[in-house]
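# Structural description and commentary
The primary structure of each chain is shown beneath.
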Amino acid sequence: MKRFFILFFILSFELSAQTVCDLQSREKLESTLENLSQENNPNNPIHLQAIEIGQSFLKTPYVEKTLEVPGPEQLVINLMGVDCTTFVETVLGLTRISQMGKFSMKNFEEELEKIRYRQGENKGYTSRLHYFSDWIYDNEQKGIVMDMTQAIGGISYTNKPSFMTENPQFYPQLSQKANVDQLRLIESAIAKRSYYFIPKDQIHSVEEKIQSGDIIAITTTIPNLDMVHVGFAIEKNGRIHLLHASSKNKEVEISALPLHDYLQGNRTQSGIMVGRLVELSK
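All of the points below concern the structure found in this document. Remember, predicted model here, so these are calculated numbers, not experimental data.

Reading the values: rules and limits
- Residues numbered from 1 in each chain as written.
- Predicted model: local features only at pLDDT ≥ 70, side-chain atom pairs only at ≥ 80, totals over all residues.
- Heavy atoms only, no water.
- Phe/Tyr/Trp six-rings, centres within 6.5 Å; stacked < 30°, edge-to-face > 60°.
- Helix = DSSP H or I, 4+ residues; strand = E, 2+ residues; numbered from the N terminus.
- Buried < 20%, exposed > 50% of the residue type's maximum accessible area, 1.4 Å probe, protein only.
- Lys, Arg positive; Asp, Glu negative; His and termini not counted.
- Salt bridge = Lys/Arg side-chain N within 4 Å of Asp/Glu carboxyl O.
- Polar contact = N/O pair within 3.5 Å; in protein donor to acceptor, adjacent residues only side chain to side chain.
- Contact = heavy atoms within 4.5 Å.

## Considerations on the packing of aromatic side chains
Scanning all chains against the criterion turns up five aromatic pairs. Between Phe132 and Trp135, the ring centres sit 4.5 Å apart and the planes meet at 10 degrees, which makes this aromatic pair stacked. You can see Phe132 and its partner Trp135 sitting in helix 6 (residues 132-141), three residues apart, about one turn around the helix. As far as burial versus exposure is concerned, Phe132 and Trp135 are alike and both buried. The structure contains a cluster of three or more aromatic residues connected by ring pairs, namely Phe57, Phe87 and Phe232.

## Observations regarding the side chain of Lys200
Along the chain, Lys200 falls in the loop between strand 5 (195-199) and helix 9 (203-206). The buried charged residue Lys200 lacks any salt bridge, with Asp201 as its nearest oppositely charged partner at 8.9 Å. In terms of polar contacts, Lys200 uses its side chain to reach the backbone carbonyl oxygen of Asn266, at 2.8 Å. Setting aside residues no more than four positions away along its own chain, Lys200 makes contact with His260, Leu263, Gln264, Asn266, Arg267, Gln269, Ser270 and Gly271.

## Structural notes on the side chain of Arg116
By secondary structure assignment, the location of Arg116 is in helix 5 (residues 105-116). Here Arg116 falls in the buried class, since its relative accessible area comes to 2%. For Arg116, the residues in contact, after removing those within four places along its chain, are Leu67, Leu75, Val76, Thr86, Glu89, Ser127, Arg128 and Leu129.

Here it is in structure tokens:
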């Protein structure tokens, strides 16, 4: 028991007071960072390193709502269970610090906050990038990803998400009117931007322009949502598949079907947006 409290204190000391990370996740993060520091190849392209790190999470359990903790917004680090978005954020954060050659838990904490929050800073619940189209936009502004959708053949996409403010009962933090009002402004800003998507029946025709490590965000026919799922593109037997945290199979996996075929089986999935990881300056 004494060792437990000593270890907990040491690990806690490296993370800020605004970060939530249980002991199991801390230990896994520490082990992951140690492995990355020993195996890191600084010349490995960022998209290939993302795929290597992403595959190290295979079989990790799918767990919903790990970011929803009571009280003020805190940066949640959870490597023991991920949803589709936290899987992408965790892998991207680990990939970026590996490219930097910085392998401390503090480095990962800072990078994850930069990725997850608007303009890279946790300023409360509404600063979290809740809508993934907003996530892509903001992380493009920060130089972390590049929206490749239009460049590889995407067409105009009407994107006016309002699900959160129309359904505040699903979100404890939206019991506060100020948060609802602020999110309504964010939704309005999203609706004013131009977005593009690749319809699902056209994915096969542009597949050769998608590379392993690209972020694949799946758009939807549901009018008040923007995206319903997200993961990484991964090449397998000459086809692009999806490396993702599957809500259906309850774990991180590589889709059995190629991406084009994967979308055909779901009527509410309309197509994809594609985000490409930006190489860090060496």
